[in-house]
Amino acid sequence: MRKKPGRGADLQVCGGSPDPPGPAWTPVCRLKACPTRTSAPGWTLNASAIMEKLPDGGRYRLRLTPNKTGQSGSAFLSQPIAFHAGNTFSYYFQFQMTDANSQASDGMTFVLQTEGPTALGGNGGCLGYAGTGPGCPPFTGGIMPSVAVEFDRFQNSPYDINDNHVAILTGGQLNDTDPQTPYGVTDCQPTGAFGCMNNGDVWSVWIDYDGTSLHVAVADDSDRRPANRATRTITL
Ligand SMILES: [Ca+2]
């Protein structure tokens, strides 16, 4: 898995379900001053991606890019997972795109790929997944072969429907398939209201493959799964 580009997109990786609410805690560090690591067992971190300790002093989370322009970073499992015809999978994670005042551009992608653990696409609208080039896509240089789910919160003309959409991508291209807008919120600039993926909330993501189709569900500030948001019939 992997990803991301633009400014201030943080991917918080959690195994299983989120922790239940606990007692109030006192921050042991402020986010920008919390301890960081440039490696994580089992993972390959690329470019701007680092592990960053949570302010409660507990777990580390994956920070794909800092809050700067022109960034791209990715993180993949170092060892590939064998996948055969008829196999299925379910994956759950949480993300947080901080600094809504700077729009937390441009978003991020969850990627299944066979290129290798150091794979990385371009920054900005390429979401660390697609290749770069003048004019309009398709561009060369994206991660491929691959299937990705994008969480895109900056509208690039002419190929994005708005500045807050989820879509399925293939072949390292920004070929948005079945683009859908969480909560129907289509205007998230300059700040993010509820339903804007850049609003600083912790979002939950469910990605499931049933052997025939890829299904994606997202929820703002909730770990309760809603109806699928995007779906594509695809052979992995
Ligand atoms: Ca975009």
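Computed from a predicted model, the values in this text were never measured in an experiment.

K.L.:
It is not clear to me how the overall build of the protein chain should be interpreted in this structure. Could you clarify?
P.N.:
Summing up its helical and strand segments, the protein chain has 0 helices and 14 strands in all. Along the protein chain, helices (α) and strands (β) appear in the sequence β-β-β-β-β-β-β-β-β-β-β-β-β-β when read from the amino end. Every one of the 236 residues in the protein chain was classed for burial, and the buried ones make up 39%. Pairs at least 24 apart in sequence give 62% of the contacts found in the protein chain among residues at least 6 apart.

K.L.:
How should I be thinking about the sheet that holds strand 8 (residues 107-113) in this particular structure?
P.N.:
Spatially, the 4 strands line up as an open sheet ordered 8-9-10-11, and their pairing is antiparallel. With partners counted over all chains shown, the strands left at the sheet margins are strand 8 and strand 11 (177-180), one partner each. Pairwise comparison of adjacent strand axes, ignoring direction, gives a mean angle of 15° for this sheet. Where strand 8 lies against strand 9 (residues 146-152), 7 bridges are found, and the strand directions are antiparallel. The residue of strand 9 that forms the bridge with Met108 is Phe151.

K.L.:
What is the right way to look at the environment of Lys68 in this model?
P.N.:
By secondary structure assignment, the location of Lys68 is in the loop between strand 5 (60-63) and strand 6 (73-77). A residue is classified by how many C-beta atoms lie within 10 Å of it, and Lys68, with 11 of them, is exposed.

K.L.:
Looking at this structure, how should I read the pairing of strand 8?
P.N.:
Looking along a regular strand, one sees side chains alternate from face to face of the sheet. The element strand 8 is extensively covered by neighbouring structure, given that 7 of its 7 residues are classed as buried. A two-sided burial pattern is seen for strand 8, the buried positions comprising Gly107, Thr109, Val111 and Gln113 on one face and Met108, Phe110 and Leu112 on the other.

K.L.:
Looking at this structure, I do not really get the pairing of strand 11. What am I missing?
P.N.:
In the sheet, strand 10 (residues 165-170) pairs with strand 11 via 2 bridges, with the strands oriented antiparallel. Of the residues in strand 11, the one forming a bridge with Val166 is Gln180. Linking strand 10 to strand 11, which pair antiparallel, is a turn of 6 residues; within it Gly171 sits at a positive phi near 60°.

K.L.:
Mind showing me how you'd approach the confidence of the model for the protein chain here?
P.N.:
Detail in the predicted coordinates should be disregarded across regions flagged by low pLDDT. Across the protein chain, the average pLDDT comes to 85, with 85% of residues at or above 70. Summarising per-element confidence for the protein chain, the mean pLDDT is lowest in strand 1 (residues 9-12) (36) and highest in strand 12 (residues 203-209) (98). In the predicted structure, residues 1-22 sits below a pLDDT of 50 and forms 90 contacts with residues beyond four places in sequence or in another chain.

K.L.:
Please clarify how the nonpolar core should be interpreted in this entry.
P.N.:
Here is a general trend for soluble globular proteins: nonpolar side chains tend to be buried in one another's company. By size, the foremost hydrophobic cluster in this structure holds 40 residues, and its most contacted members are Tyr129, Ala148, Val149, Val166 and Val216. Only strand 6, strand 7 (89-97), strand 8, strand 9, strand 10, strand 12 and strand 13 (213-220) provide two or more residues apiece to this core.

K.L.:
I would appreciate a short explanation of the environment of Gly211 in the present structure.
P.N.:
Note on placement: Gly211 falls in the loop between strand 12 and strand 13. Overall, the presence of 11 C-beta atoms within 10 Å leaves Gly211 in the exposed class. C-alpha separation for the pair Gly211 and Ile234, spaced 23 residues apart in sequence, amounts to 8.4 Å. Not counting residues up to four positions away in its chain, the partners in contact with Gly211 are Gly86, Asn87 and Thr88.

K.L.:
Would you mind going over unusual backbone geometry with me for this structure?
P.N.:
Most peptide bonds take the trans form, and the phi angle of most residues other than glycine is negative. Between Met144 and the following residue, Pro145, the backbone shows a cis peptide bond with an omega angle of -10°. Here Pro145 lies in the loop between strand 8 and strand 9. Pro158 follows Ser157 through a cis peptide bond whose omega is 5°. Along the chain, the position of Pro158 falls in the loop between strand 9 and strand 10. We note that Leu127 has phi near 55°; this positive angle belongs to a residue other than glycine.

Cut-offs used in this document
- Residues numbered from 1 in each chain as written.
- Predicted model: local features only at pLDDT ≥ 70, side-chain atom pairs only at ≥ 80, totals over all residues.
- Helix = DSSP H or I, 4+ residues; strand = E, 2+ residues; numbered from the N terminus.
- Buried ≥ 20, exposed ≤ 12 C-beta atoms within 10 Å, placed from the backbone.
- Contact = placed C-beta atoms within 7 Å.
- Pairing = 2+ DSSP bridges.
- Axes fitted to C-alpha atoms, helices over the stretch in contact; angles between N-to-C directions.
- pLDDT = per-residue confidence, 0-100.
- Core = buried A, V, L, I, M, F, W, Y, C linked by C-beta atoms within 7 Å.

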